[in-house]
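Chain and residue survey
Here is how the chains run, residue by residue.
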Amino acid sequence: MNMAAVATAPEALSTSTCLHCGLPMTPEMRGAFCCHGCEAVYALLHDGELERYYSLRRGPGTPITDRPDASRDLSWLSEAYQDDSTDTQKHLRLDIQGIHCSGCVWVLDKTFQRHPGALKLVTNPALGKVELWITPEFPLQEWLHAVERFGYRFGPSLKASDLGTDTLLLRVGVSIAIALNVMMLSAALYLGLNSGRLYDVFRTLSYALASLSVVIGGPVFFRSAIAGLRSRVLHLDVPISIGIALAFAGSSWAFWTGRDSALYLDSVSVFIALMLLGRYLQERVLNANRNRLLASEGTEGLRSKRLVHGSVETIRSSEILSGCELLIAPGDLVPVAAKLRSPQALVSTDWITGESRATQLQEGAQLKAGSFNAGDQSFHVVATANFESSPLQALLRPSSQTGNAAHETGLVRTISSYYVIGVLLAAAGGFAAWIFATGSAVHALEVATAVLVVSCPCAFGIATPLAHELVQARLRGKGLYVRNGDFLNKLSKVRSLVFDKTGTLTSGQLTLPITDAVTALSSEERDVLFTLATHSNHPVSAAIRRGLEAQSPSLLATLCVTEIPGKGMECRHNGSHYRLGKAQWATKAGQGTVLSKDGRLLVNLDTHEDTRSDARHEIQALSTEGYDIFLLSGDAPDRVSQMADELNIPQSRAFATQSPTDKQQWLAAHDQGDMLFVGDGINDSLAAQTASCSGTPALDRPFMASNCDFYLGTNQLAPIRDALHAATVLTSVVRRNLVFALAYNGLAISLAWAGVMRPWLAAILMPSSSILIVLATTLSLSPRSTRWKS
Amino acid sequence: MEVIILLIFVSLVLAGTGVAFFAWNLRQKSHEHGDRLALLPLELDNDES
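Worth saying up front: this structure is predicted, and the values here are computed from it rather than measured.

Another aspect to go through is helix H23 (residues 660-670) of chain A. Among the residues of H23 of chain A, those classed as buried are Pro660, Lys663, Gln664 and Leu667 of chain A. Looking straight down H23 of chain A, one finds that the buried residues subtend no more than 100° of arc, so they occupy a single side.

Structure, rendered in structure tokens:
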């Protein structure tokens, strides 16, 4: 770590926030950073003279949840070249994850321009895409790895090349322009222009512009409403469409019959513009959140190394057939059930079973599909099944539950259905009452038109999307990204939280507690221990190495270390024989991992899984707030029981050795629409699809985030409790807005029924109510609002 | 009177031009990478220094 760099830390950030990402630090976090990832990236940015990132970034950044991995597989890169690439100029399109602000764009541009052969780079943070033009001399892989070390991740270009909201934005822009112009023209009519050629021009122009507004803005709602009615769903677009259609029809009748007392052209235009704005807010926010992550390719994204006549070729895993010989490099996935051909292999199945410890296997052993090479040596396997029968197929299948917009379900849908019927009844009632009282169909039609125009579904057309956007923005600031528009509605009903263990409540890493026995080692013994641990890639050795780093040990470069497979490491130093490994091997007695000197026990090195820094505090707080907490893990019973004890989760609610289908069945049996599941592994994907709500802290596994309602961009669990709280606040604000809407509509419809509603009065009432409800929503959900503190 | 008609015509042309420019800008998709475009003046600063 560059200490000079720490001294130049951005002044704007207080000591209680992480120096890199700027998010608040919990008391459990020591030092100046919330995680190792942030610390490493902070040093990289300073060493690379890229400190300007911090001044260009607006607000807090994103924590680097994992220590950046510079050796990630980029075998998909050959597919990223575009057709217009030539021998002298290459054009590539890639997806990127983790980019969110000007600072990110600047870092990418700066690092890109530093290499020879860099022609042009266009970064699109909204879409999460980069496009680059380079010459053959540009060191592409080197640049990609360098950028990934800052915490970004590249992937094949799978996301749509636009947000799908451009047409909508165009409609919004044009509708707002029309509404403003019609309002200006109408103002002249309201202020006394009621005859003459100019009056005719203004009137005709208003009608033409309002018609254009209906043609441009109407289809957005009409199409959706018709689709909803076909599937017998009365959602929000139905009242909006009926409102637009009938108000315009009434105004058209008034225009052609010369009855200006029923001419509501400005109200129609303003209404369309406001509703379109609400829709744009809704769609853009969700799309932007989804595009922050790489898209999931499902099983198509998996690639494997096949051995053919002694050479290695990279293929899609879906092409693997039984009998294929595969090379599994360190960190690679075993995509199908296979038999080990190499003498030994260290594999981890935490991704698929939740079992946290790596296992040493010998030649001939069977490997499960989904196992990872956790060692530092490649090994060979022979597939014993076709990929078609691999359980990964089901686990990586993309979910169909994503993409719901906030207005499609919940309280708003119920109110929408009643709203449609209520407004139609009010218009019909007004028409019937006036024709009965006056016998004039013209007057009765004026009243009915007034009812249809002034009744405004602004509360759920614009105020509800705005409330969702404000809450989601707040949660984004805390590191929780909502992918599904209906998530906050569902979350308000949650009473139970179900957590996976490995990688969710734990960080997925082992840690070595620095006990008195460790600190009592002589400096020579500590240096030997550090050197032995450094020579092995075993997870326990890595934990020992990380644990000792704080004591500044020296690496004995000349030490001759021998690894005894399945047992440990040994060496001779200054006439003594040291062993680090299994106690039975190192000291002929005891259990666990030890360091011995000439067969004598020096120190026990018991590692444990590192729980997330705030896991204990958050589980305790959630329990205190009345939520039921459950633990569903694929790990062994003793470790699950230990974790439950550590986090104060009752043993009766901690379930071990749960397979993916066990978890799914448990949730199907217990979830009454009130459970939130949080998991990270492939073994959690079925459970995530089954639960009412689901989330994941696994940003490096796009398939998982794509199956969940939200993902966490931080190492902490605190944003989950924030989201539960936010959902409650949101529900109360939406309810209050609905009460306000009811009161406004009651008043406006009463005025229309009384026959006193005039176009000028509607032109004041309707926009005023919309502005009022938008202001009230904004103030209620602003960061300073007392609602958040209650 | 004719002047007002002329003014209306001119204002409609201006409004139409504005909408056309807005649509053209959307087609350029520059609003989607505004963060990058906002940095271009900084690049000029660096070139001059």
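Looking now at the confidence of the model for chain A. The predicted model of chain A has a mean per-residue pLDDT of 79, with 83% of residues at 70 or higher. For the stretch residues 1-15 of chain A, pLDDT sits under 50, and the model shows 14 contacts to residues farther than four places along the chain or on other chains.

As a further point, take the sheet that holds strand S8 (residues 338-340) of chain A. Across a sheet, paired strands are connected by hydrogen bonds in the backbone, their directions being either parallel or antiparallel. Residues and elements named next belong to chain A. The six strands are arranged S6-S5-S7-S13-S8-S11 in an open sheet whose pairing can be described as antiparallel. Two strands bound the open sheet, and with one partner strand each, they are strand S6 (311-316) and strand S11 (366-367). In the sheet, S8 pairs with strand S13 (residues 379-383) via three bridges, with the strands oriented antiparallel. For Lys339, the partnering residue across the bridge sits in S13 and is Val382.

All names here are of chain A. Counting 122 residues, the largest nonpolar core has Val451 and Val454 as the members making the most contacts within it. No other element matches helix H26 (residues 718-753), which puts 15 residues into this core. No fewer than three residues from each of domain 3 (166-291 + 404-468 + 727-788) and domain 5 (479-507 + 612-725) sit in this core. The residues contacting Val454, other than those within four sequence positions of it, are Ala748, Ala752, Met757, Ala762, Leu765 and Met766. Counting 31 residues, the second largest nonpolar core, distinct from the first, contains Leu94, Ile96, Trp106 and Leu132.

Next up on the list: the interface of chain A and chain B. Note on interface size: it is often stated as the accessible area lost on association of the parts. Contacts between chain A and chain B engage 23 residues on the former and 17 residues on the latter. Residue assignment for the side of chain A that touches chain B shows that the elements contributing at least two residues are helix H4 (102-113), strand S2 (118-124), helix H6 (166-190) and helix H7 (196-230) of chain A. For the side of chain A that touches chain B, the element with the most residues is H6 of chain A, which contributes seven residues. A class-by-class count of the residues in the side of chain A that touches chain B yields 14 nonpolar, five polar and four charged.

We now examine the pairing of strand S19 (residues 576-582) of chain A. All names here are of chain A. Where strand S18 (residues 568-573) and S19 come together, six bridges link them in antiparallel fashion. Following the sheet pairing, Gly568 is matched in S19 by Gly581. Taking the residues that link successive antiparallel strands as the turn, the S18-S19 hairpin has two residues, and the phi of Asn574 there is positive, at about 50°. Direction of pairing for S19 relative to strand S20 (residues 593-597): antiparallel, over a ladder of five bridges.

Conventions and cut-offs
Residues numbered from 1 in each chain as written. Chains lettered and ligands numbered in written order. Predicted model: local features only at pLDDT ≥ 70, side-chain atom pairs only at ≥ 80, totals over all residues. Buried ≥ 20, exposed ≤ 12 C-beta atoms within 10 Å, placed from the backbone. Helix = DSSP H or I, 4+ residues; strand = E, 2+ residues; numbered from the N terminus. Arc of directions from axis to C-beta. pLDDT = per-residue confidence, 0-100. Contact = placed C-beta atoms within 7 Å. Pairing = 2+ DSSP bridges. Core = buried A, V, L, I, M, F, W, Y, C linked by C-beta atoms within 7 Å. Domains from an automatic or database assignment. Nonpolar A, V, L, I, M, F, W, Y, C, P; charged D, E, K, R; others polar.

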